Amino acid sequence: MNKRQKILNGWILYSNRDSGINMHYVNLYRKACEKRGMNVRFGVYDPELLSAGLKACQIEGEAEKDLPQFVINRTRDDQLAERLESYGIHVFNSSFLTRLGNDKSEAYRYMQQRNVPIMPTIYGLQVPPHWYPAVVKSCDGHGGTEVFLLRNETEWEQWKASINQNKQDKQNRKRYVVQQAASCLGRDLRVYVVGNKIKAAVLRTSQTDFRSNYCLGGNVQMYQLSMEEQKLAEHVIQELSIGMAGIDFVFHKGRMIFNEIEDVAGARSLYSLTDYDIVDDYISYIQEELSYVKSSNGKTNLQEMSVKRSCR
C-alpha cells in the first residue's frame, strides 16, 4: 500500500449560521492531523440544503464531493450527523450525542431515565413553576444564551408576556424547559471528556451574573473532582459514545447536579489554564478508533464499539 492510500481524510464542519467560527481553533485540528499523517479540510454546512446530501457542505479546495473517512461535526446538527452516518462515514460526535447536546429536554429525560440527578424540571411553558427562583432555558441554546433567571411570579408573567408580544417572533417557535435554580448561582463545573474518559475539570464562577460561562466573562480555575463527583461524572458518560464533549454541572446544597452536555465544547478556558492539548488528544483518539475499525474489516459499529472499549 502506498503512502497516498494510508492517509485518513476527513472534514471539520461548521454551520454557516455559526458566528463563532474560530479559524485558529480549526488550525489546531489541522496541525494535530498533519502530525499523524491525517488530512482534515474545513467545511461550511447549509442546513437549508440538508435534503441535497453532501451538496449541503461546501468544502475548501474540493470540487468533487468524495466521501471523507471521518467528520468532526461542530454544526450542532444531529440530522446532518445522521445523514453522514447513513453514508458509512464515522462522525465525531455521534448523532445521538449531538441530539442530547442540543435539545435540553431530550438530555434531561435521558438522564432521569438513568437516575442521574437533575434540578426539578418542567417541560414547556404551559405550567408556571411552583418554586422560585426559576431558570428558563431554550432547548437548543448554548454558551449561556437564551437562559433567563426569574425570581418570582411577577417576573414569570412579565417574561411570558414578552415572548408572546410578537406572534411572528422567532422566539415563539422555540421550546423551553423551566428548572428550579440551583442554590449556588454563578458557579458551575465543566468536565472535559475525550474518548469517554474524563480528562480535566474547570470550575467557572461569576460575581456579576447567575451564569458563569467563560465566554460571558466568568472566572475559571482547574478543579479536582472528589470521589463522589468522579463517580457521578462517570455515570453520566457511561452509556454514551463521546469523542470530545463538555459535561456541565451546577451545585445545589453542596451536591454536583447534571446541567447539560456541550457536544461542541469550547476549550479556551482549558488552554488558558494548562498545557494539556485537548485537540491533539481528540485527534489521537479519532485515529485510534478508525484504526480499530479498519482492523475489524469495517464490520464493527463505531459508536457501539467506542462505548464497549471505554468500559474495559
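The rules behind the values
- Residues numbered from 1 in each chain as written.
- Predicted model: local features only at pLDDT ≥ 70, side-chain atom pairs only at ≥ 80, totals over all residues.
- Heavy atoms only, no water.
- Core = buried A, V, L, I, M, F, W, Y, C linked by side-chain atoms within 4.5 Å.
- Buried < 20%, exposed > 50% of the residue type's maximum accessible area, 1.4 Å probe, protein only.
- Helix = DSSP H or I, 4+ residues; strand = E, 2+ residues; numbered from the N terminus.
- Contact = heavy atoms within 4.5 Å.
- pLDDT = per-residue confidence, 0-100.
- Polar contact = N/O pair within 3.5 Å; in protein donor to acceptor, adjacent residues only side chain to side chain.
- Phe/Tyr/Trp six-rings, centres within 6.5 Å; stacked < 30°, edge-to-face > 60°.
- Lys NZ or Arg CZ within 6 Å of the ring centre and 35° of its normal.

Draft legend 1. Region of the structure containing the nonpolar core. Core analysis: the largest hydrophobic core is formed by 30 residues, its most contacted members being Tyr29, Phe70, Tyr282 and Ile286. Listing elements by their share of this core, those giving two or more residues are strand E1 (8-15), helix H2 (23-35), strand E2 (38-45), strand E4 (70-73), strand E10 (187-194), strand E11 (197-205) and helix H9 (278-295). For this core, the leading source of residues is H9, giving seven residues. Setting aside residues up to four positions removed in sequence, tyrosine 29 forms contacts with Ile12, Val40, Ile72, Arg74, Met244, Val279, Tyr282 and Ile283. Ranked by size, the runner-up nonpolar core spans 29 residues in total, among them Ala107, Val116, Ile118 and Ile247.

Draft legend 2. Fine view of the confidence of the model for the protein chain. Per-residue pLDDT for the protein chain has a mean of 88; in total, 84% of the residues score no lower than 70. Here residues 1-5 is modelled with pLDDT under 50, and outside its nearest four sequence neighbours on either side it reaches two contacts, counting other chains as well.

Draft legend 3. Representation of the side chain of arginine 76 within the structure. Mapped onto the secondary structure, arginine 76 falls in the loop between E4 and helix H3 (78-86). In terms of polar contacts, arginine 76 uses its side chain to reach the side chain of histidine 142, at 3.3 Å. When sequence neighbours within four positions are dropped, the list of residues in contact with arginine 76 reads Asp18, Thr98, Asn102, His142, Glu262, Asp263 and Val264.

Draft legend 4. Just the packing of aromatic side chains, in detail. Here the structure, examined in full by the defined rule, presents 11 aromatic pairs. Between tyrosine 25 and tyrosine 29, the ring centres sit 5.3 Å apart and the planes meet at 85°, which makes this aromatic pair edge-to-face. Remark: tyrosine 29 and tyrosine 25 occur in helix H2; sequence separation between them is four residues, near one turn of the helix. You can call tyrosine 29 buried: its relative accessible area is 0%. Ring pairs connect the aromatic residues Phe148, Trp156, Trp159 and Tyr176, which therefore count as one cluster. Taking the ring centre of phenylalanine 251 as reference, the NZ or CZ of arginine 187 above it sits at 4.2 Å.

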